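Listed below, chain by chain, are the residues.
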Amino acid sequence: MTLHIKALAVHYLTATGAVFAMLAMLAAVDARWDMMFLWLVIAFFVDGIDGPLARHYDVKKNATEYDGVLLDLIIDYLTYVFIPAYALFKSGLLNGWTGWVTIIIITFTSALYFADTRMKTKDNSFSGFPGCWNMFAVVIFATHPNFYIILAFVIILAASMFTPLKFIHPVRTKRWRLISLPVALIWTALAGICAWTNFQAGPIITSALAVTSIYLLAAGILQQIFPSKSA
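Residues numbered from 1 in each chain as written. Predicted model: local features only at pLDDT ≥ 70, side-chain atom pairs only at ≥ 80, totals over all residues. Heavy atoms only, no water.

### Structural notes on the overall build of the protein chain
Next up, step 1: When helices and strands are counted, the protein chain shows nine helices and two strands.
Next up, step 2: Taken from the N to the C terminus, the helices and strands of the protein chain come in the order α-α-α-α-α-β-α-α-β-α-α.
Next up, step 3: The C-alpha atoms of the protein chain give a radius of gyration of 18 Å, which matches the 17 Å a tight globule of 231 residues would have.
Next up, step 4: Oriented by its inertia axes, the alpha-carbon framework of the protein chain measures out at about 50 × 45 × 35 Å.
Next up, step 5: Taking all 231 residues of the protein chain together, the buried fraction comes to 45%.
Next up, step 6: Sequence separation of at least 24 residues holds for 78% of the intrachain contacts in the protein chain that already meet a minimum separation of 6.
Next up, step 7: If you sum the accessible surface of the protein chain, you get close to 12,100 Å²; carbon and sulfur atoms cover 71% of it.
Next up, step 8: In the protein chain, 15 positive and 11 negative side-chain charges are present, and the distance between their average locations comes to 11 Å. (Helix = DSSP H or I, 4+ residues; strand = E, 2+ residues; numbered from the N terminus. Rg over C-alpha atoms; globule rule 2.2 N^0.38 Å. Buried < 20%, exposed > 50% of the residue type's maximum accessible area, 1.4 Å probe, protein only. Contact = heavy atoms within 4.5 Å. Areas by Shrake-Rupley, 256 points an atom, 1.4 Å probe, with all protein chains shown as cover. Lys, Arg positive; Asp, Glu negative; His and termini not counted. Charge placed at Lys NZ, Arg CZ, Asp CG, Glu CD.)

### Focus on the packing of helix α5 (residues 97-114) against helix α7 (residues 147-160)
Next up, step 1: Close contact between α5 and α7 brings their axes to 10 Å; oriented N to C, the two are set at 20°. On the basis of their axis angle, the class for α5 and α7 is roughly parallel. Handedness of the crossing formed by α5 with α7: left-handed. Two secondary-structure elements touch here, α5 through Trp 97, Thr 98, Val 101, Thr 102, Ile 105, Ile 106 and Thr 109 and α7 through Phe 147, Tyr 148, Leu 151, Val 154, Ile 155 and Ala 158. (Axes fitted to C-alpha atoms, helices over the stretch in contact; angles between N-to-C directions. Parallel < 35°, antiparallel > 145°, perpendicular 65-115°, else oblique. Left-handed = near helix turned anticlockwise from the far one by under 90°.)

### Points about the pattern of salt bridges
Side-chain pairs of opposite charge can arise where the charged atoms are in close proximity.
Next up, step 1: Going through the model one piece at a time under the given rule, you end up with two salt bridges.
Next up, step 2: In this structure, Lys 166 engages Asp 123 in a salt bridge whose closest nitrogen and oxygen atoms are separated by 2.8 Å. A residue pair is termed long-range when its members are at least 10 positions apart, and Lys 166 in strand β2 (residues 166-167) and Asp 123 in the loop between α5 and β1 (126-127) qualify at 43 residues.
Next up, step 3: Given a relative accessible area of 11%, Lys 166 falls into the buried group. (Salt bridge = Lys/Arg side-chain N within 4 Å of Asp/Glu carboxyl O.)

### Side note on the packing of aromatic side chains
Each aromatic ring pair is summarised here by two numbers: the centre-to-centre distance and the angle between the ring planes.
Next up, step 1: Inspection of every chain in the model, using the stated rule, returns 15 aromatic pairs.
Next up, step 2: Each ring, one from Phe 89 and one from Trp 100, has its centre 4.8 Å from the other, and the planes form 70°; the classification is edge-to-face. Taken together, the residues span a long stretch of sequence, with Phe 89 in helix α4 (residues 68-90) and Trp 100 in helix α5 at a distance of eleven residues.
Next up, step 3: Residue class for Trp 100 comes out exposed when judged on its relative accessible area of 53%.
Next up, step 4: Taken together, the ring pairs in this structure connect Trp 33, Phe 37, Phe 141 and Phe 199 into an aromatic cluster. (Phe/Tyr/Trp six-rings, centres within 6.5 Å; stacked < 30°, edge-to-face > 60°.)

### Regarding α7
Next up, step 1: Over its 14 residues, α7 extends 20 Å from the first C-alpha to the last, a length consistent with the 20 Å expected when each residue adds 1.5 Å.
Next up, step 2: Looking at α7, one finds that the buried residues are Phe 147, Ile 150, Leu 151, Val 154, Leu 157, Ala 158 and Ser 160.
Next up, step 3: For α7, the secondary structure elements touched by its buried residues are α5, α6 (133-143), β2 and α9 (203-225). (Expected span 1.5 Å × (residues − 1).)

### Topic: unusual backbone geometry
Next up, step 1: You will see that Asn 198, though not glycine, has its phi angle at about 55°, which is positive.
Next up, step 2: Its place among the elements puts Asn 198 in the loop between α8 (177-196) and α9.
Next up, step 3: In the Ramachandran plot, Phe 199 falls in the positive-phi region, its phi being about 60° despite a non-glycine side chain.
Next up, step 4: You can see Phe 199 is positioned in the loop between α8 and α9.

### So, the confidence of the model for the protein chain
Next up, step 1: The share of residues in the protein chain with pLDDT of 70 or more is 99%, and the mean pLDDT across the chain is 94.
Next up, step 2: Averaged pLDDT values over the elements of the protein chain bottom out at 90 in helix α3 (residues 59-62) and peak at 97 in β2. (pLDDT = per-residue confidence, 0-100.)

### Brief notes about the environment of Thr 16
Next up, step 1: Its location among the elements puts Thr 16 in helix α1 (residues 3-29).
Next up, step 2: In this structure Thr 16 comes out as partly exposed when scored by relative accessible area, which is 26%.

### Observations concerning the nonpolar core
Next up, step 1: Met 36, Phe 37, Trp 133 and Leu 209 are the most contacted members of the largest nonpolar core, which has 58 residues in total.
Next up, step 2: Elements that contribute at least two residues to this core include exactly α1, α2 (33-56), α4, α5, α6, α7, α8 and α9.
Next up, step 3: Considering each element in turn, this core owes the most residues, nine residues, to α6.
Next up, step 4: In this structure, Trp 133 is in contact with Tyr 80, Val 81, Pro 84, Ile 106, Ser 110, Val 154, Leu 157, Ala 158 and Met 161, ignoring residues within four places of it in sequence. (Core = buried A, V, L, I, M, F, W, Y, C linked by side-chain atoms within 4.5 Å.)

In structure tokens, the structure reads:
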């Protein structure tokens, strides 16, 4: 198998995210939230592995037919933003006007963020909350907080997109990666369990999901508060 074919196969792997997004959307339309999130978790896993493979096979050089960055952004907007926003709106977790405000805020701010040329930091982290509303939605479905609390978190996270606050990339941010990457894998497994059990996994799994989510959300900010001595 030539290097070109291997690099091309990485693009094809990335493109499967669009298929998983469609399957997730079909499940969401039928209010099958467990299946929707299972497809989104699979898409999340694919998104986690296609980047390292793309760099390993240098797709920018060896498979120039497709723009991998653009392909990834299109799929990420579907799986990270559009479908989770729809789920939050249709799930009944938000009351009346709060649902409309939530989907407007999420879709509008995320579209701007995904097109922002300043979204990446020098250490391959994200500047501002990276629009991971799929992860946010999993936690919301698992914990069922009051709709005003959901709206408050949406406003805070959306506003943080346009701040210099740092949010780690579990794979690409080197600092604390020995912790961050296992935590991200554990989070993915926990999210899968929650979805598989239709969000009836019990308090231990739900608490673990919340704790790992807090770490992934706060790690970059903590790195800014406690900068590396070698930086």
